There are 2 protein chains.
Amino acid sequence: MGDADRISQVQKATLGLRGMIMSGEFGAGARLPEVALSERLGISRTPLRQAMDRLESEGLLERMPSGGCRVASFDLDDINDAIELRGVVEGTAARLAAERGADPELMTAAEQVLNEIDIAVSDPDSVDFDAYVGLNARFHEILAGLAGSAVIRREAERISNLPLASPSAFLRGQEVIPDFNASLIRAQGQHKAILEAISNREGARAEALAREHARLARLNFAFLKDADPRLATRIPGLALVTAS
Amino acid sequence: MGDADRISQVQKATLGLRGMIMSGEFGAGARLPEVALSERLGISRTPLRQAMDRLESEGLLERMPSGGCRVASFDLDDINDAIELRGVVEGTAARLAAERGADPELMTAAEQVLNEIDIAVSDPDSVDFDAYVGLNARFHEILAGLAGSAVIRREAERISNLPLASPSAFLRGQEVIPDFNASLIRAQGQHKAILEAISNREGARAEALAREHARLARLNFAFLKDADPRLATRIPGLALVTAS
DNA sequence: TGACGGATTTCTGTATACAGAATATCCAAT
DNA sequence: ATTGGATATTCTGTATACAGAAATCCGTCA
């Protein structure tokens, strides 16, 4: 495993703290005492502080005027707006890819991912959810970079890190979302249409499709938001959502 | 002036370092030694480090694999993409404001700003540039918040902080940009059309107008990018642009 | 019984010290 | 003269110490 274990303390802190927050370990709005946290994570305050800065820039924490941090809370509109914005930015990536022409290698890679998704969902009775989650994330990752713009890719990734805005956020809600399998099939159809539009240089169509694709996530969120609260342990970030 | 002087060390470091970088004091790609910088800024390494983290998340610095930071460099495409993306996000703010209906108070405030811009540019022989810069920034600030979405506003502000992506980035290039006064008038016309579309609930029109409005900045950038390099001292961030 | 004020305690913000890694320097050998 | 290697130096990452501010708690007074 080479140097995979040479993980820096701030990465350790960032991963650990983000996980704790996303899993809802602290209530939304809870203050985060630095000393206690640093002891729990087994690191000193300095790298923990850096991690908190990073999570603040991600929008998971907010500084309090009197000093210190607390975990941010999100209402239903925040989630929907973040999903909408992801659709807009991914739509821009798709449009620019169509207008400018996408890197053939990346297009091939994207098509390859879609083929693998086809396989994962081929048997309606035993869909490979784990594979789907990973492949879906990979597809959106490639899509964000398809315009060949570091700026676009960076911001798309950034927005995907907002709570529940990720393309994979709701893929663990199988038993709550009605016709979940059908929803996956539909999403896959949109994936293919987006790629087709890009390779046909149909910028406006590619953009509209990517936006509409993100709307699927809003639909799923609508089902999950008032489902069994125990789901919050499996859907990272769901615990941070407060009623609006 | 109350507590305006109670500025924290990390704010001091952030402002100072950002200013130095934007003014091109270090060449693009230069490494930033922490000890020397901390001495120059008159602070210790800890808050300086926080400031560097923040500037990294803003995209002005990038971490080097071997440790430490260097100032990022931007090619022409990066700048154009950042401007395009600002247009897209501001366009989304405008569209959502139109679709959802904007807060009347904010609309009034925006119109008030436009009235003041009218006054600032009323005399073609002596346009009040300083006033225009401030008012223009204010208008775009209000526009970003007009959809009533904290997520949208936050991301719009964030993108405006990217080098040369700000709505006011090129407003100091009077003597380089041809027909600069005409350009200001045209921009003001677009401002008014955007507000009109929003209050008419014309979402698609509002979005298209805001996007096109951002294109003015790309036009101005095209003039400035190969103008007298001495301009770089007056246009913050221009010094970070490298030939593509 | 409630509220106000002071003291205590906790917490954050900042500075500094230390260790390990990365980089530069210098000398020798080909 | 150039290249390789070993040493020395600089720099970063991390931990910890300290001071000042914020919050809490308790006692006293109305």
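Residues numbered from 1 in each chain as written. Chains lettered and ligands numbered in written order. Predicted model: local features only at pLDDT ≥ 70, side-chain atom pairs only at ≥ 80, totals over all residues. Heavy atoms only, no water.

Draft legend 1. Representation of the pattern of salt bridges. All names here are of chain A. With the rule as written, the count across this model stands at 46 salt bridges over all chains. The shortest N-O distance in the salt bridge between aspartate 118 and lysine 192 comes to 3.0 Å. Placement of aspartate 118 in helix α5 (residues 104–120) and of lysine 192 in helix α8 (residues 180–199) is noted, with a sequence separation of 74 residues between them. Owing to a relative accessible area of 28%, aspartate 118 belongs among the partly exposed residues under this scheme. Between arginine 172 and aspartate 130 there is a salt bridge, with the nearest N and O atoms lying 2.8 Å from each other. (Salt bridge = Lys/Arg side-chain N within 4 Å of Asp/Glu carboxyl O. Helix = DSSP H or I, 4+ residues; strand = E, 2+ residues; numbered from the N terminus. Buried < 20%, exposed > 50% of the residue type's maximum accessible area, 1.4 Å probe, protein only.)

Draft legend 2. A look at the relation of the copies chain B and chain A. Superposing chain B onto chain A takes a rotation of 180° plus a shift of 0.0 Å along the axis, which leaves an RMSD of 0.1 Å. The relationship between the two copies is best expressed as a two-fold rotation axis. (Least-squares fit on C-alpha atoms with pLDDT ≥ 70 in both.)

Draft legend 3. Representation of the domain arrangement of chain A within the structure. Residues and elements named next belong to chain A. Each assigned domain of chain A is listed with its residue range as follows: domain 1 (3–71) and domain 2 (76–238). Taking the mean C-alpha position of each, domain 1 and domain 2 sit 28 Å from one another. Approximately 480 Å² of surface area, both sides summed, lies buried where domain 1 meets domain 2, with 52% of it carried by carbon and sulfur atoms. Considering only the side of domain 1, the residues that lose the most area to domain 2 are Met22, Ser57 and Glu58, jointly responsible for 78% of the buried surface there. The interface formed by domain 1 and domain 2 holds 2 residue pairs in polar contact (both at pLDDT 80 or more) in total. When its residues are assigned to classes, the side of domain 1 that touches domain 2 shows 2 nonpolar, 1 polar and 1 charged. (Domains from an automatic or database assignment. Buried area = accessible area lost by both parts, 1.4 Å probe. Polar contact = N/O pair within 3.5 Å; in protein donor to acceptor, adjacent residues only side chain to side chain. Nonpolar A, V, L, I, M, F, W, Y, C, P; charged D, E, K, R; others polar.)

Draft legend 4. Representation of the environment of A:Pro47 in the model. All names here are of chain A. Here proline 47 shows up in helix α3 (residues 45–58). Under the relative-accessibility criterion, proline 47 is labelled buried at 12%. With sequence-adjacent residues up to four places away left out, proline 47 is seen in contact with Gln9, Val10 and Ala13. (Contact = heavy atoms within 4.5 Å.)

Draft legend 5. Region of the structure containing the protein's contact with DNA strand C. The environment of DNA strand C is formed by 19 residues, the closest being A:Arg45, A:Arg49, B:Gln9, B:Ser44 and B:Thr46. Near the protein, within 4 Å, the atoms of DNA strand C are sugar or phosphate in 62% of cases. B:Ser44 has a polar backbone atom sitting 2.9 Å from a phosphate oxygen of DNA strand C. In this structure, B:Thr46 approaches DNA strand C through a side-chain N or O atom, which is 2.9 Å from a base nitrogen. Of all the elements in the fold, those that place two or more residues in the surface near DNA strand C are α2 (34–41) and α3 of chain A together with α1 (9–22) and α3 (45–58) of chain B. (Near = heavy atom within 4 Å.)

Draft legend 6. Broad picture of α3(A). When the terminal C-alpha atoms of α3(A) are compared, their 20 Å separation across 14 residues agrees well with the 20 Å that a helix rising 1.5 Å per residue should span. Taken together, the buried positions of α3(A) are A:Pro47, A:Leu48, A:Gln50, A:Ala51, A:Met52, A:Asp53, A:Leu55, A:Glu56 and A:Glu58. Here the buried face of α3(A) lies against α1 (9–22), α2, β1 (61–63) and β2 (69–71) of chain A together with α3 and α7 (150–160) of chain B. Looking at where α3(A) begins, the residue whose side-chain oxygen comes 3.3 Å from the main-chain nitrogen of A:Thr46 is A:Ser44. Directly beyond the C-terminal end of α3(A), a positive phi value near 95° is found at A:Gly59. (Expected span 1.5 Å × (residues − 1).)

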